[in-house]
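So the chains spell out like this:
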Amino acid sequence: MPSFWICCVCLLLFLPTSNSVPYPSNRCSENDCSYQLQDFMNDTCKIYNTSVCLDFYKFEESSEETLPSEEEYNFHVSIVPYTAELIVREELVVVTVTRSAINITFTINNADIDELVVKIYKKNVSSKPLCRIFDFHNANNSTKFPINLFHDCLSNLAEHDMQNVRMDFIALPLKEKLSYDVFIPGTEYPGSCTWQPLIMVFRGNLHSGVVQVKFSQAPELYNVSSYIIKLIHHPSGGEKILDMTPDRSRSMLFAQFSSVDGGSYSVSVKPVIWGVHDTCWTETDKFGVEIPKSCM
């Protein structure tokens, strides 16, 4: 066997199929996020679950301002998937299982923001969203901005038919909203996949013929040399393709397709891994793009 193929076989054998970490169940059972803020006492940051969130947050969507760009605004969002180890009881036995989970990080740049609302919807299903409120108004008088908050306590989404979802992030009391279509990877990958990214498609400027995409990067041990990003038109199959280099200083990579014709599209991402020739594409659900009226 040629030495090149020996190297390839060895690399494939040592590529892990998952990198699981213990789910922070003790911390996630609490609703206090004050520990994320420096020099603050308890209860300066609180997290409220779906029942409280939906009861409190009763603004109509028409009252929210959907932001047309992520750049230079009052807050930013990034999401990184991870495989969580959960301890569950099955009949009379306690076992450890692996489930998909996500870690949402908020960067807040403006002291006028007191709370952040997260709403996660199943696409094409009329049901109540999963909802969280992050209330840090007690900290705003003396904190220094920007501040970062994270929430890594959302698990079992892909396993409960929440793999292609809509995510809205609303800053209060400003009522500014960042909205995304999101693909969340599960713990079992299809076909030859050994890893899949989380992909976010920004909805704020789809009506302007612009598709902005963020996706999570593979762990360093996968030795990814680049990522290929495709914007695919349906049903024609026409493609626009970008090639991007990994950037370890960021949790997610950003790509933009401009001057996109109106129609139905999806985004697909593929890692290029040295010595591995069958890495797979990860594709989002379809979404619509509109042409600006001034361009018609």
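As a reminder, the structure under discussion sits directly above these lines.
Conventions we followed
- Residues numbered from 1 in each chain as written.
- Predicted model: local features only at pLDDT ≥ 70, side-chain atom pairs only at ≥ 80, totals over all residues.
- Heavy atoms only, no water.
- Disulfide = S-S within 2.5 Å.
- Helix = DSSP H or I, 4+ residues; strand = E, 2+ residues; numbered from the N terminus.
- Buried < 20%, exposed > 50% of the residue type's maximum accessible area, 1.4 Å probe, protein only.
- Pairing = 2+ DSSP bridges.
- Axes fitted to C-alpha atoms, helices over the stretch in contact; angles between N-to-C directions.

Undergrad: How should the state of the cysteines be read in this particular structure?
TA: Simply put, the disulfide is a covalent bond whose two ends are the sulfur atoms of two cysteines. Applying the stated rule across the entire model yields four disulfides. For Cys28, the disulfide goes to Cys153, at an S-S distance of 1.9 Å. Between Cys28 and Cys153, the S-S dihedral sits near -80°, and the bridge is therefore left-handed. One end of the pair, Cys28, is in helix H2 (residues 25-28); the other, Cys153, is in strand S8 (residues 147-155), with 125 residues separating them in the sequence. Here Cys28 matches Cys153 in class, with each residue buried. Residue pairing for Cys193: its cysteine sulfur links by disulfide to Cys280, the two sulfurs lying 1.5 Å apart. Given an S-S torsion of about 120°, the disulfide between Cys193 and Cys280 has right-handed geometry. Of the two residues, Cys193 is situated in the loop between strand S10 (176-183) and strand S11 (199-202) and Cys280 in the loop between strand S16 (263-273) and strand S17 (282-283); the sequence distance between them amounts to 87 residues. By relative accessible area, which is 13% here, Cys280 ends up buried.

Undergrad: Mind showing me how you'd approach the pairing of strand S14 (residues 239-244) here?
TA: Each regular strand carries side chains that alternate between the two faces of the sheet. The sheet contact formed by strand S13 (residues 224-234) and S14 spans six bridges and is antiparallel. Counterpart to Lys230 in the pairing with S14 is Ile241.

Undergrad: Sorry, what's going on with the sheet that holds strand S1 (residues 20-22) here?
TA: One key point about sheets: their strands pair by backbone hydrogen bonds, in either a parallel or an antiparallel sense. Reading across the sheet, the four strands line up as S1-S4-S5-S8 and stay open at both edges, with mixed pairing between neighbours. Taken across any chain shown, the strands that pair with only one partner, and hence form the sheet edges, are S1 and S8. Strand-to-strand twist in this sheet, taken as the mean axis angle between neighbours without regard to direction, amounts to 40°. Looking at chain direction, strand S5 (residues 93-108) and S8 are connected through seven bridges and run antiparallel. Opposite Thr107, over in S8, you have Asn148 as the bridge partner.

Undergrad: Please explain unusual backbone geometry as it appears in this structure.
TA: Glycine aside, residues mostly have negative phi, and peptide bonds are mostly found in the trans state. Residues Leu172 and Pro173 are joined by a peptide bond in cis, for which omega reads 5°. Residue position: Pro173 is located in the loop between strand S9 (164-172) and S10. Cis geometry marks the peptide bond from His234 to Pro235; its omega dihedral reads 10°. Position of Pro235 among the secondary structure elements: in the loop between S13 and S14. The phi dihedral of Asn156 is positive, around 65°, even though this residue is not glycine.

Read these as layout, nothing more, since geometry by itself doesn't imply function.
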